[in-house]
Amino acid sequence: MYRRTLEFIDTHKVLLVVALALVVAFLLYPRVERVGPRDDVTDILLWTPVEAGDAVRVAVEEFERRNPQYNVMLGTASVRDAVSDPTRFLLGVAGGSPPDLIHFDRFAVVEWASRGTFTDLTPYIEADRDRPDGIKPENYYSPPWEEGSYKGKVYAIPISVDTRALYYRRDALVRAGYIYAADDPQVLAGNAKPGDAKPPRTWEQLCHKLIHADGDVTPDGIVQLKAWSDLATVNDDRASDAPIDIAAGGVRIGDVVALVQDDEVFRGRIAEILSPTSFRIDLQREQPPDLKAISDRFVSNRCQVKVFDQDSYAVRLTYYDPDTGLLRTAGFIPLFANSGLYMFTVLNDAKLISDDGMRCVMDNKRGIEAVQYMTDCYDALGGIKVAQAFTGGLASGQLDPFITGQVVLRIDSDEYLKLISAFGPDTPFGVVGAPIPEAREAEGHSHAGWMGGWSYAIPSTAKNKEAAWELMRWLSSYEANQIMARFEASLARAQGQVYFPNTSPNCRIMQWLREEYVESSPDVTQDMRLAHREFVKLLPDSKYRPITPVGQMLWNEHMRAMDTAIRHVQTPEQSLGLRQRRVQVALDEFHNPPTGSPMPWRSLVVVYVLGVILLFAGFIVYRKMRSRRLGLSHDPWHEGYICASPWLLGFIIFGAGPIIFSLIISFCRYDVLSPAIWIGTDNYTATMGFHYDDAAEQYIANDPHFWRSLWNTAYMIMAVPLMIVAGLALAMLLNTRAKGLALFRTIYYLPAIVPAVAAFILWLWVFDPVQGLLNRALLAIGVSDPPYWLNDPAWAKPALILMGLWSVGGGMIIWLAGLKEIPESLYEAARIDGANRVQQFTNVTLPLLSPYIFFNFLMGMIGVFQTFESAYVMTDGGPADSTLFYAYKLFNESFRYLNMGVASAMAWVLFVVVLAITLFQMWLAKKWVHYER
């Protein structure tokens, strides 16, 4: 009886200690308390993509002063890109705790509005029809207003707009001879004066391709054309069997020739025309003295041959340094600044989505022409790698390449005017609508490009929608925009800069900004005024990105198509066609969702809880029976489990529960925003890159990214033995009795504790092809053609592997521990037997280090399959998907496209692969790993 009493007291002591710990934790838990009575005040939570600017804060403070019943709280999305990665916002909507008002990209609003995440603002707009300060559609330019609407409903109120146009340096054009003649139509119409700089108006003027054929190259630089290229072209509409005649094509000595073999591009000048089908390249002009070694890559290999007119703007305005062979001045770079493939598809009147929104038509003829034209522009420069190496070393601010004249032509938005106003107000420049194909100009089409911008929207699950609308109305009002503009103007004056406003989507506000800060400002130059007028003129006709529920995937895929095409990884038609199929699958899944009953989550949770209870009950019964069977009078097993209960509860709730949830979701279609529907194994086939076509009644390949990501990840496995060898070598070097070893060990270990993002940013500079430390060192030791590293698909993964060796000091600690465990007596015995250092290493060190080798190899393999951060920060999966690793694709599917079912299936495939590799290694370890007995 006494023993049982003691056992009872001991058990309850443990329970008492746990209870007291929980009480203390509850009392110490931080709480937010309101200061003063606030029952009559409504909180409005406003999210901005980055920290709200001072001008917005001033407007918000004025709103609170006028409306004391409201308290505005400012927050941010806390993500790198609130458009392509709106995870926090979407989870807030799904969890019922979103902001009341959000500052969001209009193009992204429609995509998520189609999935029920945003509130239809049409009733609010109709209710404000008679208010003087109400938001009225007629006060806005139609493109930005329409971009925030979907199926007749308004989901976003535009607050900014940025349309694109062509900036040009007037002085550079005049020096190159691009001036208006007296009889030019623009001069006769009074739009220009004789001798003024004449910007390009058509694609053909900007970059004119004369020849696009297949040919052979001899060692002495003679090119023999064989047949016209079968690739789609813009400037060349000949039949494929038409005879080749260089002279008839307008080719002259001095024209630029680009040789393309796989993803390599060689740029030279025509030195001599030998026959109607052959010419000789000047291997020295504008190129490095030893570039003949590079041209040898093309000898005896059939390659593409492109000849560009030396008088076209992009060619004549481009200059190479004769001493270094590096690009010194670029006439035009298609993707430099705020531009992209969508700009060129708009300029060529190409569509990405059909008018009814049901089909992706990315690979139409005009779209292929747009991609081919961008590819030609890069080849005329010397290839995408040369252009990226050039732009990667350019500065900003006062050293901006357009201000300094390093880039002569650039497509950019009106926001760039603010940078010119602040850092280069005396820059001689002009702005015109971006060039369009000559055929489209002849048909009377406008030169307007595309525009984007931000907006305010109200999430569908916002708690204070009426209050949010009040704040939205104020921030969009004429008066609030005056307050913000005047504050920004005073701030610019205080900093000694000229204030220049952005264009506004509101016509009335735009008119006031023009009159107040552009036309009547004595500090604004005439060039700035004319440029601003041009942007305002282009705005009403500007296009916007397709309004579609798969907008983010469409954007990412069409950018991937462009990237692989301009790098010559695929032809424009192949690249666009492949990405079109992927977008079409997403469209079909949205418009034809699977039918079935939603997953009964409550029932599943009840089953899970009952299962856990039964498991514990069975375990308790087992322990009691075991104690009786063994005749134990006291078995304090429950005390240990009570102490471990915090971890056990955490695992049951936050570990095992999500694991089971993930397994179930892998067989469902689930996007967080709508109920999960059981679809069987379709997610696993989609993971493998296949999709079931109902019309064809078979599976078709539509997504190559799975296999590409798997190959990229498998490639990184070679980093594991390199890390093992480097770490062991470093550890052996430091496992001596030399002086200062503690200092060296600290130095070598420091990179392992540097924050990953900081290290990645540092290595971005190290890998810079022009200014980077690595290539400068290679040039110094005589390597004339160093790699382009992260700009080259062939070198991007090796660059990341090389970067990984920098942190080898982390593994060095483990190797040092292993080396310290090896008895010195074994080395003495080996030396007595006549073993040299190599034999000692192979017969003593390696066998005794085998457990450490096994551990490092196993952990390294697991780490390889989790490669994500470096690609996310440094390359964004590029170039040409060369660093799209498996974990990065999983991230894209889950948090960018909300394909949680596919992402869960990918996670389970990854689990199975890693488990299989681990089990195989553990089985293999029995044959070579030696443990101490």
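Residues numbered from 1 in each chain as written. Predicted model: local features only at pLDDT ≥ 70, side-chain atom pairs only at ≥ 80, totals over all residues. Heavy atoms only, no water.

### Quick look at the overall build of the protein chain
When its secondary structure is counted, the protein chain shows 39 helices and 23 strands. If one aligns the C-alpha atoms of the protein chain with their principal axes, the spans along those axes are about 120 × 90 × 65 Å. Burial statistics for the protein chain: of 933 residues in total, 50% are counted as buried. Put simply, of all contacts in the protein chain between residues at least 6 apart along the chain, 72% involve residues at least 24 apart. Put simply, the protein chain shows about 44,400 Å² of open surface, and 59% of that area lies on carbon and sulfur atoms. The average position of the 85 basic charges and that of the 102 acidic charges among the side chains of the protein chain differ by 7 Å. (Helix = DSSP H or I, 4+ residues; strand = E, 2+ residues; numbered from the N terminus. Buried < 20%, exposed > 50% of the residue type's maximum accessible area, 1.4 Å probe, protein only. Contact = heavy atoms within 4.5 Å. Areas by Shrake-Rupley, 256 points an atom, 1.4 Å probe, with all protein chains shown as cover. Lys, Arg positive; Asp, Glu negative; His and termini not counted. Charge placed at Lys NZ, Arg CZ, Asp CG, Glu CD.)

### Digging into the nonpolar core
If you look at the biggest cluster of nonpolar residues, it comprises 97 residues, and the most contacted ones within it are Phe118, Leu173, Phe332, Phe344 and Leu409. Per-element tally for this core: the top contributor is helix α13 (residues 365–381), with nine residues. Those residues in contact with Leu409 that sit more than four places away from it in its chain are Leu166, Tyr167, Tyr168, Leu173, Pro200, Leu206, Tyr313, Leu317, Gly331, Phe332 and Ile333. Grouped together as the second largest cluster of nonpolar side chains are 40 residues, Leu728, Leu734, Phe760 and Val844 included. (Core = buried A, V, L, I, M, F, W, Y, C linked by side-chain atoms within 4.5 Å.)

### Examining the sheet that holds strand β3 (residues 101–105)
If you walk across this open sheet you meet the five strands as β2-β1-β3-β19-β6, and the pairing is mixed. The sheet is open, and its two edges are formed by β2 (70–76) and β6 (157–158), each paired on a single side. Taken strand by strand, helix α2 (residues 54–66) contacts β1 (42–48) and β2, and its axis lies near 160° from that of β2. Against the sheet, helix α4 (residues 106–113) engages β3, β6 and β19 (454–457), with an angle of about 110° to β3. (Pairing = 2+ DSSP bridges. Axes fitted to C-alpha atoms, helices over the stretch in contact; angles between N-to-C directions.)

### Details of the pairing of strand β7 (residues 162–169)
Counting buried positions over the eight residues of β7 gives eight, a clear majority of the element. In the sheet, β7 pairs with strand β18 (residues 451–452) via two bridges, with the strands oriented antiparallel. Looking across to β18, one finds that Thr163 is bridged to Met451. As defined by bridge partners, β7 adjoins strand β16 (residues 407–413) across five bridges and the pair is classed as antiparallel.

### Let's talk about the sheet that holds strand β9 (residues 222–228)
Pairing within the closed barrel is antiparallel, and its six strands lie in the order β8-β9-β12-β11-β10-β13. Here the average twist between neighbouring strands, direction ignored, is 45°. Sheet strands touched by α13: β8 (209–217), β10 (256–261), β11 (264–275) and β13 (303–308). Its angle to β13, the strand with the most contacts, is close to 80°.

### Topic: the packing of aromatic side chains
Summed over all chains, the structure comprises 43 aromatic pairs. When the ring of Phe402 is compared with that of Tyr416, the centres are 6.0 Å apart and the planes differ by 70°; the resulting orientation is edge-to-face. Of this pair, Phe402 sits in helix α15 (residues 401–404) while Tyr416 sits in helix α16 (residues 416–423), and the two are 14 residues apart along the sequence. Its relative accessible area of 0% is what places Phe402 among the buried residues. Geometrically, the ring pair formed by Trp908 and Phe911 is edge-to-face, given 5.4 Å between the ring centres and 75° between the ring planes. Of this pair, Trp908 and Phe911 both sit in helix α39 (residues 900–928), three residues apart, which is roughly one turn of that helix. One aromatic cluster is present, built from ring pairs that chain together Tyr167, Phe402, Tyr416, Phe429 and Phe535. (Phe/Tyr/Trp six-rings, centres within 6.5 Å; stacked < 30°, edge-to-face > 60°.)

### Regarding unusual backbone geometry
In this structure, Pro879 follows Gly878 across a cis peptide bond, with omega equal to -5°. Among the secondary structure elements, Pro879 is positioned in the loop between α37 (869–875) and α38 (886–896). In this model, Trp789 sits at a positive phi of 50°, which is unusual for a non-glycine residue. Judged by relative accessible area, which is 7%, Trp789 ranks as buried.

### Comments concerning the packing of helix α35 (residues 824–832) against helix α36 (residues 837–864)
Where α35 meets α36, the axes come as close as 10 Å, and the angle between the chain directions of the two elements is 155°. Overall, the two elements α35 and α36 adopt an arrangement that is roughly antiparallel. Crossing of α35 against α36: the hand is right-handed. Contacts between α35 and α36 pair Leu826, Tyr827, Ala830 and Arg831 from the former with Gln840, Val844, Thr845 and Leu848 from the latter. (Parallel < 35°, antiparallel > 145°, perpendicular 65-115°, else oblique. Left-handed = near helix turned anticlockwise from the far one by under 90°.)

### Focus: helix α28 (residues 705–715)
Inspection of α28 places His705, Phe706, Ser709, Asn712 and Thr713 among the buried residues, and these make up the whole buried set. Taken around the axis of α28, the buried residues stretch over an arc of 130°, which confines them to a single face. Packing partners of the buried residues in α28 comprise α22 (551–566), α23 (572–591), α27 (682–687), α33 (793–804), α36 and α38. (Arc of directions from axis to C-beta.)

### Points about the side chain of Glu893
Within the secondary structure, Glu893 sits in helix α38. Side chain to side chain, Glu893 and Arg582 meet in a polar contact 2.7 Å long. (Polar contact = N/O pair within 3.5 Å; in protein donor to acceptor, adjacent residues only side chain to side chain.)

### So, the pattern of salt bridges
One pass over the structure, following the stated rule, counts 43 salt bridges. Arg170 is paired through a salt bridge with Asp527; the nearest N and O atoms lie 2.8 Å apart. Linking Arg170 in helix α7 (residues 170–175) with Asp527 in helix α21 (residues 526–538), this pair joins segments that are 357 residues apart in sequence. Classification of Arg170 as partly exposed rests on a relative accessible area of 31%. For Asp527, a relative accessible area of 15% gives the class buried. With its nearest N and O atoms 3.5 Å apart, the salt bridge here joins Glu824 to Arg831. Residue Arg831 is classed as partly exposed on the basis of its relative accessible area of 42%. Several salt bridges converge on common partners, so that one network encompasses Glu557, Arg560, Arg579, Arg582, Asp881, Lys889 and Glu893. (Salt bridge = Lys/Arg side-chain N within 4 Å of Asp/Glu carboxyl O.)

### Structural notes on the confidence of the model for the protein chain
With 91% of its residues at a pLDDT of at least 70, the protein chain reaches an overall mean of 85. Confidence drops under a pLDDT of 50 for residues 32–37, and excluding neighbours within four residues, the segment shows one contact in the predicted structure. (pLDDT = per-residue confidence, 0-100.)

### Focus on the pairing of β3
Burial analysis of β3 places five of its five residues in the buried class, the great majority of the element. Neither face of β3 is left uncovered, since the one carrying Leu101, His103 and Asp105 and the one carrying Ile102 and Phe104 both have all their residues buried. Where β1 and β3 come together, two bridges link them in parallel fashion. By the bridge assignment for β3, Trp47 is matched with Ile102. Sheet analysis places β3 next to β19, joined by four bridges and oriented antiparallel. Paired with Asp105 across the two strands is Trp454, which belongs to β19.

### Quick word on the environment of Pro425
Mapped onto the elements of the fold, Pro425 is located in the loop between α16 and β17 (429–432). Exposure remark for Pro425: the relative accessible area of 31% places this residue in the partly exposed category. In sequence terms Pro425 and Met528 are 103 residues apart; their C-alpha atoms lie 8.2 Å from each other. Beyond its immediate stretch of four places on either side in the chain, Pro425 contacts Ile420 and Thr525.

### Some thoughts on the packing of α13 against α22
It is at 9 Å that the axes of α13 and α22 come closest, and there the two elements cross at 45°. Of the possible angle classes, the one that applies to α13 and α22 is oblique. Viewed along their axes, α13 and α22 form a crossing whose handedness is right-handed. Contact residues: α13 offers Val371, Met374, Thr375 and Tyr378, while α22 offers Met562, Ala565 and Ile566. When the residues that make up the contact of α13 with α22 are grouped by side-chain class, the tally is six nonpolar, one polar and no charged. (Nonpolar A, V, L, I, M, F, W, Y, C, P; charged D, E, K, R; others polar.)

### Let's talk about the environment of Ile652
The topology assignment puts Ile652 in helix α26 (residues 645–665). Separated by 40 residues in the primary sequence, Ile652 and Val612 have C-alpha atoms spaced 8.1 Å apart. Discounting chain neighbours no more than four positions away, the residues touching Ile652 are Tyr608, Val612, Phe616 and Gly657.

### Description of the environment of Ser97
On the secondary structure map, Ser97 appears in the loop between α3 (87–95) and β3. Along the backbone, Ser97 and Thr345 are 248 residues apart, and their C-alpha atoms lie at a distance of 39 Å. Setting aside residues up to four positions removed in sequence, Ser97 forms contacts with Gly92 and Lys463.

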